Amino acid sequence: MEENNKSTLKVSKIRDGIVIDHIDHGKALKVLSTLGISGGEEFTVSVLMNVKSKTMNSFKDVVKIERRVLKKVELDRISLVSPGATINIIKNFEIERKFKVEIPDSIIGIVKCSNQNCISNNKEPVSAEFRVESKNPLILRCVYCDRTMIQPEICHKI
Ligand code: CTP
Ligand code: ZN
């Protein structure tokens with residue numbers, strides 16, 4: 001998939017870790033920042049941006065993180081940044097598990113409400129909370145002020 005026309009790999013396969021594939025093109029850095037990865041880590045991170053997807057009619061980003069696991073909340077964050085992302089868990093060069101991220105039914109403490117006057121932005125003990133109005137396209141509704149949010153606003157507020 002990351003092969004160019006001469007069939008040489010742009011980025012090598014990894015031994016152990018996670019490949020986050022089919023990231024919406026342009027979202028790789030947001031995926032990294034949402035995972036708290038900023039470059040000072042001990043593990044190797046490979047980032048591919050704007051590569052042709054297998055079907056050749058669209059472009060995507062890919063992130064490979066060696067020797068790292070993902071928590072549920074991290075998968076939830078990725079699903080909100082790039083709902084079509086695929087997670088590949090790699091063990092000893094083999095894909096042990098492959099699954100699509102899933103948008104959770106309720107989103108608590110991940111996205112901030114875009115309404116400045118919302119109670120979730122003004123009262124410390126209240127965590128922002130959203131219900132999923134629609135998954136495709138992604139639309140969230142704040143349980144406190146009823147404001148709806150769509151991409152790329154959601155991505156901006158993670
Ligand atoms: N990969 C990797 N290291 C491995 C195995 C796989 O970096 N040891 C990467 C591949 O480069 C690819 C992704 O993990 O980006 C998924 O691999 P694979 O399932 O073999 O590719 P596809 O069949 O193209 O995936 P899909 O069907 O999900 O598009
Ligand atoms: Zn609100």
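Our structure's up above, just so we're on the same page.
J.: Please clarify how the overall build of the protein chain should be interpreted in this entry.
T.: In terms of regular secondary structure, the protein chain is built from 4 helices and 9 strands. Each helix and strand of the protein chain, ordered N terminal to C terminal, gives the series β-α-β-β-α-β-β-β-α-β-β-β-α. Residues classed as buried in the protein chain amount to 41% of the 158 residues present. Contacts in the protein chain between residues at least 24 apart in sequence constitute 56% of all its contacts with a sequence separation of at least 6. Carbon and sulfur atoms make up 49% of the accessible area of the protein chain, which totals about 9400 Å². The positive charge centre, built from 26 side chains, and the negative charge centre, built from 20, are 2 Å apart in the protein chain.

J.: Any chance you could explain the coordination of the zinc ion (ligand 2) here in plain terms?
T.: Six octahedrally arranged donors around a metal ideally form angles of 90 or 180 degrees; four tetrahedrally arranged donors ideally form angles of 109.5 degrees. At this site the zinc ion (ligand 2) is bound by Cys113 (SG), Cys118 (SG), Cys142 (SG) and Cys145 (SG), with donor distances of 2.3 to 2.4 Å. Spacing between the donor residues of the zinc ion (ligand 2) along the chain follows C-x4-C-x23-C-x2-C. One end of the pair, Cys118, is in the loop between strand E6 (106–108) and helix H3 (119–122); the other, Cys145, is in the loop between strand E8 (138–142) and strand E9 (148–150), and 27 residues separate them in sequence. You can call Cys118 buried: its relative accessible area is 2%.

J.: It is not clear to me how the pattern of salt bridges should be interpreted in this structure. Could you clarify?
T.: Side-chain pairs of opposite charge can arise whenever the charged atoms involved come near each other. Scanning all chains against the criterion turns up 8 salt bridges. Here Glu96 makes a salt bridge to Lys91, at a shortest N to O gap of 3.4 Å. Three or more residues joined by partner-sharing salt bridges are found here, namely Glu133, Arg141 and Asp146.

J.: Even after reading the chapter, I still don't get the nonpolar core, so can you show me in this structure?
T.: Generally speaking, soluble globular proteins have nonpolar side chains that are buried together. Counting 20 residues, the largest nonpolar core has Ile20, Leu35, Ile78 and Ile87 as the members making the most contacts within it. Looking at this core, the elements with two or more residues in it are strand E1 (17–24), helix H1 (28–34), strand E3 (59–66), helix H2 (72–81) and strand E4 (86–91). Setting aside its immediate chain neighbours within four residues, Leu35 contacts Ile20, Ile65, Arg68, Leu70, Glu74 and Ile78. If you look at the next biggest cluster of nonpolar residues, it comprises 14 residues, including Val111, Cys113, Leu138 and Leu140.

The rules behind the values
- Residues numbered from 1 in each chain as written.
- Chains lettered and ligands numbered in written order.
- Predicted model: local features only at pLDDT ≥ 70, side-chain atom pairs only at ≥ 80, totals over all residues.
- Heavy atoms only, no water.
- Helix = DSSP H or I, 4+ residues; strand = E, 2+ residues; numbered from the N terminus.
- Buried < 20%, exposed > 50% of the residue type's maximum accessible area, 1.4 Å probe, protein only.
- Contact = heavy atoms within 4.5 Å.
- Areas by Shrake-Rupley, 256 points an atom, 1.4 Å probe, with all protein chains shown as cover.
- Lys, Arg positive; Asp, Glu negative; His and termini not counted.
- Charge placed at Lys NZ, Arg CZ, Asp CG, Glu CD.
- Donors = N, O, S within 2.8 Å, 3.2 Å for Na, K, Ca; no water.
- Salt bridge = Lys/Arg side-chain N within 4 Å of Asp/Glu carboxyl O.
- Core = buried A, V, L, I, M, F, W, Y, C linked by side-chain atoms within 4.5 Å.

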